[in-house]
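Descriptive structure summary
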Amino acid sequence: MKSINIHEAKTHLSRLVERVQAGEEFVIAKAGRPAARLVPLGTAMPVKTGGLHIPGGVPDDFDTMFAEEIETLFSASTKRAAKARTRR
């Protein structure tokens with residue numbers, strides 16, 4: 001694996017990418033210390049979706065569950081904030 005400095009990598013990036021696509025690998029160094037590795041991408045793995053299983057399924061009222069409780073909590077905190085402002 002060949003090491004190149006960051007200035008050279010910036011200057012010749014397109015050439016480096018072509019060489020990487022051909023199978024070469026490079027280490028990009030900054031101030032003489034390895035900072036990054038330029039390697040070819042492997043074949044992308046497919047993303048698996050639908051892995052979550054909910055026993056019993058999603059309830060029909062999922063979008064409105066606990067709506068009254070949430071409304072009460074928010075309205076109570078709003079009322080307390082209003083009272084605090086009037087006391088000042």
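Residues numbered from 1 in each chain as written. Predicted model: local features only at pLDDT ≥ 70, side-chain atom pairs only at ≥ 80, totals over all residues. Heavy atoms only, no water.

Thoughts on unusual backbone geometry
For Ala 31, which is not glycine, the phi torsion reads 55° and is therefore positive. As for its position among the elements, Ala 31 is in the loop between strand S2 (26-30) and strand S3 (33-38). Judged by relative accessible area, Ala 31 falls into the exposed class, the value being 82%. Positive phi is not limited to glycine here, since Phe 66 has a value of about 60°. (Helix = DSSP H or I, 4+ residues; strand = E, 2+ residues; numbered from the N terminus. Buried < 20%, exposed > 50% of the residue type's maximum accessible area, 1.4 Å probe, protein only.)

Some details on the nonpolar core
Listed in full, the six residues of the largest apolar core are Ile 4, Ala 9, Leu 16, Val 20, Phe 26 and Ile 28. Those elements giving two or more residues to this core turn out to be helix H2 (13-21) and S2. Not counting residues within four places of it along the chain, the set of residues in contact with Leu 16 comprises Ile 4, Ala 9, Phe 26 and Leu 38. (Core = buried A, V, L, I, M, F, W, Y, C linked by side-chain atoms within 4.5 Å. Contact = heavy atoms within 4.5 Å.)

With respect to the environment of Val 20
Of note, Val 20 is situated in helix H2. Taking the C-alpha atoms as reference points, Val 20 and Leu 38, 18 residues apart in sequence, are found 7.2 Å from one another.

Description of the pattern of salt bridges
Scanning the entire structure with this criterion turns up one salt bridge. Across the pair Glu 24 and Arg 19 runs a salt bridge whose closest N-O atoms are separated by 2.9 Å. Residue Glu 24 is classed as partly exposed on the basis of its relative accessible area, which comes to 34%. (Salt bridge = Lys/Arg side-chain N within 4 Å of Asp/Glu carboxyl O.)

A word on the pairing of S2
With four of five residues buried, S2 is to be regarded as a mostly interior element. By the bridge criterion, four bridges tie strand S1 (residues 2-5) to S2 in an arrangement that is parallel. Residue pairing for S2: Asn 5 is matched across the bridge by Ala 29. Summarising the sheet, S2 and S3 pair through five bridges and their orientation is antiparallel. If you follow Val 27 over to S3, its bridge partner there is Arg 37. (Pairing = 2+ DSSP bridges.)

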